[in-house]
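# A structural walkthrough
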Amino acid sequence: MQLKEKPDYKEIDAIMTQYTEPEHLIRILQKVQDIYGYLSEDVQIYIADKLKIPVSEVNGVVTFYSLFSTKPKGKHIIGVCLGTACYVKGANDILKKLKSELKINEDETTKDGVFTLRATRCIGACGLAPVITIGDDVHGRINADDIPRILEKYGDSG
Ligand code: FES
């Protein structure tokens, strides 16, 4: 695979002066993701090219480890717990409401880059079910009607 145009990835070049061997791949990917927030296809091609290894090898690592993301992430990550306790208390309605309010599906990011929506497993706060997390904040015992008010807090100023 070839890049359409030669991108200017000075930050990646800087990282790869320190980490030069294919066995450093995971470390390189972590550092690059720290900068860009995710690992686009172009970035994967660029790294593969510099390490002189197949892109499929880079992509294999990126897709194997859940810590790596190939899609841009929003400023706030919303996690909707779909564990049993939350599910029986209406987590699905909350997820639906979030999708319609934000006009995105799970694992997508709003156009303005503010929110990414994820479904999660039990986060160990079942006593507060149903629960959503926004960044490090936990919002418990909520219902779908609370969603607009909660999102407002994180909107433009968040
Ligand atoms: S099931 Fe949602 S916090 Fe446990």
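Residues numbered from 1 in each chain as written. Predicted model: local features only at pLDDT ≥ 70, side-chain atom pairs only at ≥ 80, totals over all residues.

What follows is about the overall build of the protein chain. Within the protein chain, the secondary structure is distributed over 7 helices and 4 strands. Reading the protein chain from its N end, one meets helices and strands in the order α-α-α-α-β-α-α-β-β-β-α. In terms of overall dimensions, the protein chain is more spread out than a globule: its C-alpha atoms have a radius of gyration of 19 Å, far above the 15 Å expected for 158 residues. By principal-axis analysis of the C-alpha atoms, the protein chain measures approximately 50 × 30 × 25 Å. For the protein chain, the residues scored as buried account for 22% of the 158 residues in total. Restricting to contacts in the protein chain with at least 6 residues of sequence separation, those with at least 24 account for 61%. (Helix = DSSP H or I, 4+ residues; strand = E, 2+ residues; numbered from the N terminus. Rg over C-alpha atoms; globule rule 2.2 N^0.38 Å. Buried ≥ 20, exposed ≤ 12 C-beta atoms within 10 Å, placed from the backbone. Contact = placed C-beta atoms within 7 Å.)

The strand order across the open sheet built from 4 strands is β2-β1-β3-β4, with neighbouring strands paired in mixed fashion. Both edges of this open sheet fall to β2 (115–120) and β4 (137–139), since each of them pairs with a single strand only. Between one strand and the next, the sheet's axes are offset by a mean angle of 20°, whatever the strand orientation. (Pairing = 2+ DSSP bridges. Axes fitted to C-alpha atoms, helices over the stretch in contact; angles between N-to-C directions.)

Each regular strand displays side chains that alternate between the two surfaces of the sheet. One ladder, built from 6 bridges, connects strand β1 (residues 76–81) with β2; its direction is parallel. The residue bridging I78 from the neighbouring strand is L117, located in β2. Bridge analysis of β1 against strand β3 (residues 132–134) gives 3 bridges, and the strand direction is antiparallel. Across the sheet, the residue bridging to G79 is T133, located in β3.

You'll often see interface size given as the accessible area lost when the parts meet. Parsing the protein chain into structural domains produces domain 1 (10–64) and domain 2 (76–154). The distance between the C-alpha centroids of domain 1 and domain 2 comes to 32 Å. (Domains from an automatic or database assignment.)

Among soluble globular proteins, nonpolar side chains are generally buried collectively. By size, the foremost hydrophobic cluster in this structure holds 16 residues, and its most contacted members are I78, V80, C81, A91, I94, L98 and I132. Of all elements in the fold, only β1, α6 (91–102) and β2 reach the threshold of two or more residues within this core. With 5 residues, α6 is the largest single contributor of residues to this core. In contact with I94, other than residues within four places in its own chain, are V80, P130, I132, I142, A144 and I147. Ranked by size, the runner-up nonpolar core spans 10 residues in total, among them L29, L39, I47 and V62. (Core = buried A, V, L, I, M, F, W, Y, C linked by C-beta atoms within 7 Å.)

Our next topic: unusual backbone geometry. That bond from A129 to P130 is cis: its omega, -5°, falls within 30 degrees of zero. Locating P130 in the fold gives a position in the loop between β2 and β3. With phi around 60°, K103 is a residue other than glycine that occupies positive phi space. Mapped onto the fold, K103 is located in the loop between α6 and β2. Backbone geometry places R141, a non-glycine residue, at a positive phi of 50°. Topologically, R141 is positioned in the loop between β4 and α7 (147–154). Judged by C-beta crowding, with 11 C-beta atoms within 10 Å, R141 ranks as exposed.

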